[in-house]
Amino acid sequence: MNFDARKYVLITFIVIIGVIYTLKLFYMQVVDDSWKLRAQQIAEKRREITPPRAVVFDRNGNKIISNKTYYNLMMVEADIENLDTAKFARLIGWTMEEVRQRFIDIREGEGYYTSPITGKTTSNYQRVRAYPFMKELTADEISHIAPHLDDYPGFFEEVSSMRNYPYSNGANILGYLSEATREEIEADNFYRPGSVIGRAGIERFYEKEFRGKKGVHYIVTSALNNTVGSFKDGKYDTAAVQADPIHLGLDVLLQGYGEELLKNKKGCIVAIEPSTGEILALVSSPNYDPNLLVGNRLIKENYPKLVQDENKPLFPRPLASEYPPGSIFKLAQALIGMQEGVITKDTGFPCTKSLVGCHNHPSAQNVTQAVKMSCNPYFYYVTRRIVQQDHFKNDWEDAEWGLNRWAKYMNSFGFGLRLETDITGLRSGRIPNSEYYDRWYGHHRWQFSTIYSIAIGQGEVTLTPLQMANLAAIMANRGWFYTPHFVKSIGEDGPLPQFREKHKTLVDPIHFPPVIEGMRAVVEEAGGTARLARTPGITICGKTGTAQNPHGKDHSIFIAFAPMDQPKIAIAVFIENAGFGGTWAAPIASLMIEKYIKGKISDPAKEERILNAQLSNFQ
Amino acid sequence: MRKSQSVTGSLDWVLVALYASLMIMGVATIYSVAYDPEHPNIFDISQKYGKQIMWVGVSMFLGFLVFLIDSDIYRKFALPIYLSVISLLVIVLFMPPINGARAWLGIGSMGIQPAEFAKIGTAILLARYLSSLNPKQQSVRSVLVANLILLVPMALILLQPDAGTFVVFTSFLFVMYREGMTYDPIVLRLVNAIPGIKFKETWVGSHFIPILFVVVFLSVVTLLLSNTTIEFESFPDLKLKGIYGVLSFLFLFVLVGYLIMRAIFPRRERRRALVIAIFAFLFSGALSFTVDFAFQKLAPHQKERIELVLGLKEDPDGEDYNRNRAMAAVGSGGLLGKGYRKASVSSLRTNHVPESETDFIFCPYAEEWGFAGTLLLVVLYIALLLRIIKIAERQRSKFNRVYAYSVAMILFYHFAINIGMNIEFAPVIGIPLPFFSYGGSSMMSFSILMFILLKLDSQRKDVLN
């Protein structure tokens, strides 16, 4: 038998194998993309780099928020191999029990999800996700751990930054950062477990402007999860971009001075630059050092204390507390009365004291005197004329029409509406209109005599201190204002467009001078209610207010602007339960004005008196 | 009889060129895989690339020695050569195990693997024995002796254990097939027992029916399935090992065959058909079980080695870690590859594919050069194999031909299994890619195998048929 033909069988066999292998290789390498994805999963890792948040400067270029570098020890459970718990615990200085508990806590911390369809409960925790195992380690702490991390696949260090407040002032303005919640992480792809998010103040309002752009770094990793190098020499990497610096209109030194003056008092100061609407200072007392709420460790320690503090230091009073404005409200009443033509600047009313109480002073012969002496009956008559204009025979109908007209004027001053300042936690105060009183008394069941306390800024009327300061700014500008705001410029872009829009009140500027003359007299002339605010060299125009308060002593209120011509600062000071407005609020305002305009205080005794004051309501 | 020509003049330069290009590509790939930026010199002897170049040099020197020796010496001293490699295989069993196998002889990194050289000795003795037979006088005895020549080294290698080389030894079966030394008398007797079917005289009968192909086919299927389990959707608790799948398939196949025979054959032949069917089933079943058992027994050390390298890794690739990583590396190469020294999965630095400089060297090559590279490699190997077969067929002496076929089939096995491991066509058994993989023993043994072939071929005209 001849076997030579068998060579063809073998040759065919070899060639067929060659062809099959070639086809399979073609399929795997050229046609099928799934192996490329698998290779990426195996060897390439995507690391996100979060830039430090924007730094913040005050109006004079002082850096008021900066960043400190910290480190997180991150953990990806899926990458952990043969963890020697005892050794690892020794490395990070924990007990083994703590390490085990930390794994459980991370898992539990993510919560569970029950599917509405299947009813199955699954953990939100994902083994392939990176979670911070230890947070906020200092450079010194991480330097003991990092060199050994190669022995612990699944753990890696991550640079993070935390806020630092060199001036310790303005906590209620700046807000603070804390870890993003699971809902926030799911709602916005920017956040990962352990990312921080602005919680209050401008940090929250300008979250997107603060956080910057994340960078992505693709790296090649080895089977033991060590970084071997960057993928394709970093061809696809993007750099993290820190957001542009943010410039505030705030004057941090003035802010600090205000906080100093309000020590041991409850109250607030709001100072605005009238020509721009930039907030120069916004003091809420008592307050806290913003450095107390930096990072998880400190937040965990300090936040509960601040929440439980009876003086409520976390509460942003200037924005959120609504107080009766008291006599400062009379400024608006006088202006509206003149605009409506129910009085002229020379209208006089007797100080009758029969309907509303008043202090002893001669009857006001004109608007200027009425403002100077803050005559209650005078403004009772003015407001009655505004509300009851005798357009209707029926007094009730007439009051309804008049009040709504009045409320509209008030709204144009920014009262009863939220002043949309660039911060969270704002409230609107209250300007009652017919709808409001209808709810209380019934339709056509009320008239001016029912609601007369609104005439002197009591009763149903409330304003926030921010609105009071805005009234001062309106007086300074003679009839218009920019919505008060903190951020002067993001990078070089200037303020947000809504803060470049001039709001005019419904009162014509020609009606302002007699009222402003009265405000000048309040401070400058004998018989004015705020003589303590006199400051040599600066003509301050102000108005005191003393708001009755059912819970205790009257609130001491003062608003002012200065100088009288070309005003640089408009201010409102509100001291809770401190009594007459001229006694406490006025001198504090004058100190702030002098500090801002002159940079120094000419009357140390006045300053001393304020600094040493221990007002009774402070716990 | 013509005069002896000059040594170089009668060299088969095509084969030399193919051999040299594969070796150069191998060194280049090792340089890429094991590249250490602190030792950029390719000749740096402390690095794997430097060592590999050294092994290439040593192989060249051995080749030079081979060319000095008259080719007749292999035929004359076939038995002593065979016996000496056998004794090496015995000695190596008393060596301390490395990675779970007693495969290394010598000290440290300078050791050799006798199993690699056993192939040469076996090829020579098999050639010697088969050439001494008169083809017309095939007997049970000659088949047994030929198989004994294979079985002795195979048994010793199994004791090491070294699954890869053990499997490679079955390549000699193809050589025996080429020489008519197979089991076809048995097969033909079985087949011709079926009345009405006379395969004996036909081309198909004598060249395709040989039981060798049944054996190869069944073995490959069994090997591929032996690590899998079969699951049933309706019985989730029932999990069958892959071998039972093979057996069920065989049973069905034989049953259908029997039923067909029953239908066709006259009544008196049915009993014989039943007997044939039972024996066919028993034989193939036993074969499948043997292969499965051998693989399962040998596989553990293979698995252990992988776990040693990686630690117990929890990974979506799970049990088939190596192969999945290898396939990811090969598959991610794309059409033109990631570029030289740009392998991200299979370089030694990332180490996602274990043994990527030795048994899995195809991975980095495929990852870096893409389909363009792998096509070239497959073409080069197929060209090399066909060239060797061509050389084999032009030999006047039967000794030369058998030896040449042995070389061809050994290389074919290495090529098919090594590359097949990466593309899911062969089980993961560690054998090197000839001339390519890092390693002194394989480089030297393949080179000697090649140089003896070249020497025999250059002197083919001196030999009387």
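Note that the coordinates shown come from a computational prediction; the quantities given were computed from them, not determined experimentally.

Looking only at helices and strands, chain A features 22 helices and 20 strands. Burial status across chain A gives 56% buried among its 619 residues. In chain A, of all internal contacts separated by at least 6 residues, the share reaching a separation of at least 24 is 68%. For chain A, the exposed surface amounts to about 26,500 Å²; the carbon and sulfur share of it is 51%.

A word on the overall build of chain B. Summing up its helical and strand segments, chain B has 17 helices and two strands in all. When each of the 465 residues of chain B is scored for burial, the buried share is 55%. Of the roughly 21,000 Å² of accessible surface on chain B, a fraction of 68% belongs to carbon and sulfur atoms.

Count 3.6 residues to each turn of an α-helix, and residues three or four apart come out pointing the same way. Taking 1.5 Å per residue, 19 residues should reach 27 Å; helix H5 (residues 114-132) of chain B reaches 27 Å between its end C-alpha atoms and fits that length. Within H5(B), 16 of the 19 residues are buried, which leaves the element mostly enclosed by the surrounding structure.

Our focus in this paragraph is the environment of A:Phe558. Topologically, A:Phe558 is positioned in strand E19 (residues 555-562). Residue A:Phe558 is classed as buried on the basis of its relative accessible area of 0%.

Glancing now at the side chain of A:Thr505. Following the sequence through the fold, A:Thr505 ends up in the loop between strand E17 (502-504) and helix H20 (512-524). Contact partners of A:Thr505, with chain neighbours within four places excluded, come to A:Ser412, A:Phe413, A:Ile474, A:Gly479 and A:Phe512.

Our next topic: the nonpolar core. Residue and element names in this part refer to chain A. Grouped together as the largest cluster of nonpolar side chains are 137 residues, with contacts concentrated most on Leu248, Trp406, Met475 and Phe558. If you tally residues by element for this core, the top one is helix H19 (residues 465-477), at nine residues. Built from parts of two domains, this core gets at least three residues from each of domain 1 (46-110 + 128-248) and domain 2 (252-285 + 319-588 + 604-612). Setting aside its immediate chain neighbours within four residues, Leu248 contacts Val56, Phe57, Asp58, Arg59, Ile64, Leu174, Ile202, Phe486, Val487 and Lys488.

Once that is clear, we can look at the packing of aromatic side chains. Residue and element names in this part refer to chain B. All chains considered together, the criterion is met by 44 aromatic pairs over all chains. On the basis of an interplanar angle of 90° and a centroid distance of 4.7 Å, the ring pair of Tyr31 and Tyr49 is categorised as edge-to-face. Residue Tyr31 is located in helix H1 (residues 13-33), and its partner Tyr49 is located in helix H2 (residues 48-68); the two are separated by 18 residues in the primary sequence. You'll find Tyr31 and Tyr49 in the same group, each marked buried.

This paragraph deals with unusual backbone geometry. All names here are of chain A. Here the bond from Ser285 into Pro286 is cis, since omega is 0°, no more than 30 degrees from zero. Within the secondary structure, Pro286 is located in the loop between strand E14 (278-285) and helix H11 (295-308). A cis amide bond links Ala562 to the next residue, Pro563, at an omega of -15°. In this fold, Pro563 is placed in the loop between E19 and strand E20 (569-575). Phi at Ser168 takes a positive value of approximately 60°, unusual for a residue other than glycine. Looking at where Ser168 falls in the secondary structure, it is placed in the loop between strand E7 (155-164) and helix H6 (171-174). Assessed through its relative accessible area of 25%, Ser168 is described here as partly exposed.

Turning our eyes to something else, we now look at the packing of helix H13 (residues 329-340) of chain A against helix H16 (residues 395-412) of chain A. Residue and element names in this part refer to chain A. Axis separation between H13 and H16 bottoms out at 11 Å; the angle between their running directions is 120°. In terms of orientation, H13 lies oblique with respect to H16. For the pair H13 and H16, the crossing hand works out as right-handed. Contacts from Phe329, Ala332, Gln333, Ile336, Gln339 and Glu340 of H13 reach H16 at Arg405, Trp406, Tyr409 and Met410. Residues belonging to the contact of H13 with H16 are distributed by class as follows: six nonpolar, two polar and two charged.

Another aspect to go through is the packing of H13(A) against H20(A). Residue and element names in this part refer to chain A. Contact geometry of H13 with H20 gives a least axis separation of 9 Å together with a crossing angle of 155°. What the angle tells us is that H13 and H20 run roughly antiparallel. Between H13 and H20 the crossing geometry is right-handed. Here H13 contributes Leu331, Ala334, Leu335 and Met338 to the contact with H20, which in turn contributes Phe512, Pro514, Val515 and Met519. Residues that form the contact of H13 with H20 fall into these classes: eight nonpolar, no polar and no charged.

Calculation criteria
Residues numbered from 1 in each chain as written. Chains lettered and ligands numbered in written order. Predicted model: local features only at pLDDT ≥ 70, side-chain atom pairs only at ≥ 80, totals over all residues. Heavy atoms only, no water. Helix = DSSP H or I, 4+ residues; strand = E, 2+ residues; numbered from the N terminus. Buried < 20%, exposed > 50% of the residue type's maximum accessible area, 1.4 Å probe, protein only. Contact = heavy atoms within 4.5 Å. Areas by Shrake-Rupley, 256 points an atom, 1.4 Å probe, with all protein chains shown as cover. Expected span 1.5 Å × (residues − 1). Core = buried A, V, L, I, M, F, W, Y, C linked by side-chain atoms within 4.5 Å. Domains from an automatic or database assignment. Phe/Tyr/Trp six-rings, centres within 6.5 Å; stacked < 30°, edge-to-face > 60°. Axes fitted to C-alpha atoms, helices over the stretch in contact; angles between N-to-C directions. Parallel < 35°, antiparallel > 145°, perpendicular 65-115°, else oblique. Left-handed = near helix turned anticlockwise from the far one by under 90°. Nonpolar A, V, L, I, M, F, W, Y, C, P; charged D, E, K, R; others polar.

That is the geometry; function is a separate question.
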